[in-house]
Amino acid sequence: AIKKNDSYYLDKDYIELVDKLKYLTSDLDCFQAFNYEPSIYYLINKKSCTKYYQIQSIGSKSDQKNFIGEMRIFKPKYLLTGGEYENWGIKPSLRFPLIQDYIITNYRMYKEVNSHKIWILIK
């Protein structure tokens, strides 16, 4: 059997992000990502605060409104955006304008870790 730690497969920049998120979310039940990296939940051992752990599944304005509704209910303290996969298609901030407006209104940028941005809830 192969027994390697997760960090064996990650570069140092991603390890830095994972370590920071593990620290920030250590006392939280859930975490929310708004990027194309659903593996982050596994790596930090947290569930998604919404059913939208993989935002590629969001397609309509109705889906965006449902996402926002769940964000209002569960109020994730931290939110992750950006990353290396941001340019693999339409950026989430452009693809999902209703969600982007919600984030800008209710979160502020807390910390930048390489190409990722960690946001903190303000409302």
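Every value quoted in this text rests on a predicted model; they were computed, and no experiment measured them.

(A) Spotlight on helix α1 (residues 12-24). A rise of 1.5 Å per residue sets the reference length of α1, with its 13 residues, at 18 Å; its end C-alpha atoms lie 18 Å apart and thus fit the reference within 8%. When we look at burial in α1, the residues that qualify are Y14, L17, V18, L21 and L24. Each buried residue of α1 sits inside an arc of 130° when the element is viewed along its axis, so together they form one side. Residues of α1 that are exposed and point over 90 degrees away from its buried face: K12 and Y23. At its buried positions, α1 is contacted by β1 (30-33), α2 (39-44), β3 (78-82), β4 (107-113) and β5 (116-121). The residue sitting at the N-terminus of α1 and contributing the capping side-chain oxygen is D11; that oxygen lies 3.2 Å from the backbone nitrogen of D13.

(B) The sheet that holds β3, seen in detail. Across the sheet, which stays open at both edges, the five strands sit in the order β2-β1-β3-β5-β4 with mixed pairing between neighbours. If you trace the sheet from one side to the other, it starts and ends with β2 (47-48) and β4, each paired once. As paired strands, β1 and β2 are joined by two bridges and run parallel to one another. Its bridge partner being in β2, F31 is matched across the sheet by S48. In the packing of α1 onto the sheet, the strands contacted are β1, β3, β4 and β5, and the crossing angle to β5 comes to about 10°. The strands touched by helix α5 (residues 97-106) within the sheet are β3, β4 and β5, with β4 carrying the most contacts at an inclination of about 90°.

(C) View of the state of the cysteines. Evaluated as defined, the whole model comprises one disulfide. Each disulfide pairs two cysteine sulfurs, and for C30 the partner residue is C49, the sulfurs being separated by 2.0 Å. Because the torsion about its S-S bond is 95°, the bridge between C30 and C49 counts as right-handed. Here the residue C30 occupies a position in strand β1, and C49 occupies one in the loop between β2 and α3 (61-74), the gap between them amounting to 19 residues.

Procedures and definitions
- Residues numbered from 1 in each chain as written.
- Predicted model: local features only at pLDDT ≥ 70, side-chain atom pairs only at ≥ 80, totals over all residues.
- Heavy atoms only, no water.
- Helix = DSSP H or I, 4+ residues; strand = E, 2+ residues; numbered from the N terminus.
- Expected span 1.5 Å × (residues − 1).
- Buried < 20%, exposed > 50% of the residue type's maximum accessible area, 1.4 Å probe, protein only.
- Arc of directions from axis to C-beta.
- Contact = heavy atoms within 4.5 Å.
- Polar contact = N/O pair within 3.5 Å; in protein donor to acceptor, adjacent residues only side chain to side chain.
- Pairing = 2+ DSSP bridges.
- Axes fitted to C-alpha atoms, helices over the stretch in contact; angles between N-to-C directions.
- Disulfide = S-S within 2.5 Å.

None of the figures reported here should be taken as evidence of function without further support.
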